[in-house]
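Structural description and commentary
In case you want the letters, here they are:
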Amino acid sequence: MEKNKSISKVVIRRLPKYYRHLEELVKKDVDVISSRELGEKTGFTASKIRQDLNHFGDFGQQGYGYNIQELYKQIKSILGLDKEYKAVIIGAGNLGQAIANYTRFDKLGFEIKCIFDVNPKLIDMKIRDIPIRDIDEINSFLEMEKIHIGIICVPKRNAQDVTKKLIKGNVKAIWNFAPIDILAPSNIIIENVHLNESLARLIYFLNESDD
Ligand code: NAI
């Protein structure tokens, strides 16, 4: 794993895409793929793929292609998807419930243990088998359970306060959906997901293509 520290974040950001396509190929029992074929699937050039995958060892032979099983296993391990992660969701509204209902996150080794909310009407309900509990119980919950990831699905005015609670409870990674740049110490990993920004880019390119 030490070796991966030298791999640039730009390369790491491309890995989930390789991983997704390789998983499909593993399911179809395909053994080998060339950088050109992987390029057609991912939209990256064959030379970029060769450069990226060179970081992770020797999975292919010139002119023969990459061993899909090996490459898939290696990328899975680099991404840490061969381990189990426990998460909590804060905010059991539209988005929090949608994430809790999405069963395929389990395949990434990602288990949602609990959802927290302030709304008394939601507390003690369940989404699938996941309980919704009062946010006032989060401190004691986080003291008992080792939670790796906090998923913020509250309105933006409450996101910073929720972040504090997660950090106090020793949560080290935050998947933030609230439209705000939350502040946290540098040892806390924050991944922001902003669908609005993605939609704005789509709209820009839609208009550009009309010109
Ligand atoms: P919603 O209003 O349906 O749900 C928010 C929930 O948070 C409510 O159940 C509320 O009771 C709860 N809540 C409020 N303060 C809380 C606190 N301090 N502790 C615990 N729970 C608290 O809103 P929706 O549509 O689910 O959106 C949630 C957040 O996600 C908003 O910030 C919204 O802007 C954002 N969002 C982001 C998207 C993205 O692409 N990143 C897409 C959709 C929503």
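As a reminder, the structure under discussion sits directly above these lines.
This report concerns the structure included in the present document. (Residues numbered from 1 in each chain as written. Predicted model: local features only at pLDDT ≥ 70, side-chain atom pairs only at ≥ 80, totals over all residues. Heavy atoms only, no water.)

Right, let's talk about the pattern of salt bridges for a bit. Following the criterion strictly, the structure yields 10 salt bridges and no others. In this structure, the salt-bridge partner of E24 is K27, at a minimum N-O distance of 3.7 Å. Taken as a pair, E24 and K27 lie in helix α1 (residues 9-27) at a separation of three residues, close to a single helical turn. In this structure E24 comes out as partly exposed when scored by relative accessible area, which is 37%. Residue E40 pairs with R36 through a salt bridge whose shortest N-O separation is 2.9 Å. In this pair, E40 and R36 are both assigned in helix α2 (residues 35-42), four residues apart and thus about one turn of the helix distant. Exposure class is identical for E40 and R36. Each is exposed. (Salt bridge = Lys/Arg side-chain N within 4 Å of Asp/Glu carboxyl O. Helix = DSSP H or I, 4+ residues; strand = E, 2+ residues; numbered from the N terminus. Buried < 20%, exposed > 50% of the residue type's maximum accessible area, 1.4 Å probe, protein only.)

Two elements in contact, α1 and helix α3 (residues 46-54), have axes separated by 11 Å at closest approach and are oriented at 105°. When the axes of α1 and α3 are compared, the pair comes out roughly perpendicular. Within the contact between the two elements, α1 uses V11, R14 and Y18 and α3 uses K48, I49, D52 and L53. Of the residues in the contact of α1 with α3, the class split is four nonpolar, no polar and three charged. (Axes fitted to C-alpha atoms, helices over the stretch in contact; angles between N-to-C directions. Parallel < 35°, antiparallel > 145°, perpendicular 65-115°, else oblique. Contact = heavy atoms within 4.5 Å. Nonpolar A, V, L, I, M, F, W, Y, C, P; charged D, E, K, R; others polar.)

Let us look at the sheet that holds strand β4 (residues 85-90). Judged by pairing direction, the sheet is mixed, and its seven strands sit side by side in the order β6-β7-β5-β4-β8-β9-β10 without closing on themselves. The open sheet has two edge strands with one neighbour each: β6 (126-127) and β10 (189-192). Examined bridge by bridge, strand β9 (residues 173-176) and β10 share four bridges and lie parallel to one another. Counted as the bridge partner of A173 is I189 from β10. (Pairing = 2+ DSSP bridges.)

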